[in-house]
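# Residue-level structure breakdown
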Amino acid sequence: MIEPGWTVVDSTGREIGSVDEVVGDSSDDIFNGLSISASLLGRPRYVPSEQVAEITDGRVRLALSKDQVERLGEFEEPPTTAEILPDEAGTLRRAEAAVEAPIHSHEERLNILTRMRHTLRRLLRR
């Protein structure tokens, strides 16, 4: 439901940044948290799902103040998981494994140009 580029506001409604990435597993409808950017050149911060107070179209309100957000840890890319099959696994077993536990590729982190586009879009909406 949440998309990269959405506005992120603190508990008082003051804009503090934008969504870089939604963390979780969309195929199982699991939401773990958000990677947010507070500035164009700043490192993304990780906000656990428990700290998301409200989600509306294009906007995420956190249950944290701006100061609390600034103290959050830096976002680190979650590791990719995969089922490793033995060499003797047959074609059918390999096909089943691909359906049961597909490897989800992560898009690259947002680069500076993408962050600038999100910022300009937010500014032009005002």
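The present account deals with the structure reproduced in this document.

Rules used in this analysis
Residues numbered from 1 in each chain as written. Predicted model: local features only at pLDDT ≥ 70, side-chain atom pairs only at ≥ 80, totals over all residues. Heavy atoms only, no water. Helix = DSSP H or I, 4+ residues; strand = E, 2+ residues; numbered from the N terminus. Buried < 20%, exposed > 50% of the residue type's maximum accessible area, 1.4 Å probe, protein only. Contact = heavy atoms within 4.5 Å. Areas by Shrake-Rupley, 256 points an atom, 1.4 Å probe, with all protein chains shown as cover. Pairing = 2+ DSSP bridges. Axes fitted to C-alpha atoms, helices over the stretch in contact; angles between N-to-C directions. Core = buried A, V, L, I, M, F, W, Y, C linked by side-chain atoms within 4.5 Å. Patch = residues over 30% accessible without salt bridge, like charges linked within 9 Å, V, L, I, M, F, W, Y side chains within 5 Å. Salt bridge = Lys/Arg side-chain N within 4 Å of Asp/Glu carboxyl O.

## Considering the overall build of the protein
- Along the protein, the regular secondary structure elements total three helices and six strands.
- Out of the 126 residues in the protein, the part that is buried amounts to 30%.
- A sequence separation of at least 24 residues applies to 51% of the contacts in the protein between residues at least 6 apart.
- Counting every atom, the protein has about 8,500 Å² of accessible surface; 52% of that belongs to carbon and sulfur.

## A short note on the sheet that holds strand S3 (residues 30–37)
- Judged by pairing direction, the sheet is mixed, and its six strands sit side by side in the order S4-S3-S2-S1-S6-S5 without closing on themselves. Every other strand in the sheet has two partners, leaving strand S4 (45–48) and strand S5 (52–56) as the edge strands with one partner each. Within this sheet the neighbouring strands show an average axis-to-axis angle of 35°, counted without direction.
- Pairing geometry for strand S1 (residues 7–9) and strand S2 (residues 15–25), over three bridges, is antiparallel. Counterpart to valine 9 in the pairing with S2 is glutamate 15.

## What about the environment of leucine 40?
- By secondary structure assignment, the location of leucine 40 is in the loop between S3 and S4.
- On the basis of relative accessible area, leucine 40 is assigned to the partly exposed category, the value being 33%.
- What leucine 40 contacts, discounting residues up to four positions off in sequence, is Ile112, Arg115, Met116 and Thr119.

## A word on the pairing of S5
- Taken together, the four bridges between S5 and strand S6 (residues 59–62) define a ladder with antiparallel strand orientation. Residue pairing in the sheet places isoleucine 55 in a bridge with valine 60 of S6.

## A look at the nonpolar core
- Among the nonpolar cores identified, the biggest contains 14 residues, and Val19, Leu34, Ile36, Val60, Leu62 and Val69 are the most heavily contacted of them.
- Residue assignment for this core shows that the elements contributing at least two residues are S2, S3 and S6.
- Beyond its immediate chain neighbours, meaning those up to four positions away, leucine 62 contacts Val8, Val9, Asp10, Ser11, Ile16, Ile36, Val47, Gln51, Val52, Ala53 and Val69.

## Thoughts on a nonpolar patch on the surface
- On the surface, Leu40, Leu41, Ile112, Leu113 and Met116 cluster together into a nonpolar patch covering about 490 Å² of accessible area.
- Within the secondary structure layout, methionine 116 lies in helix H3 (residues 112–125).

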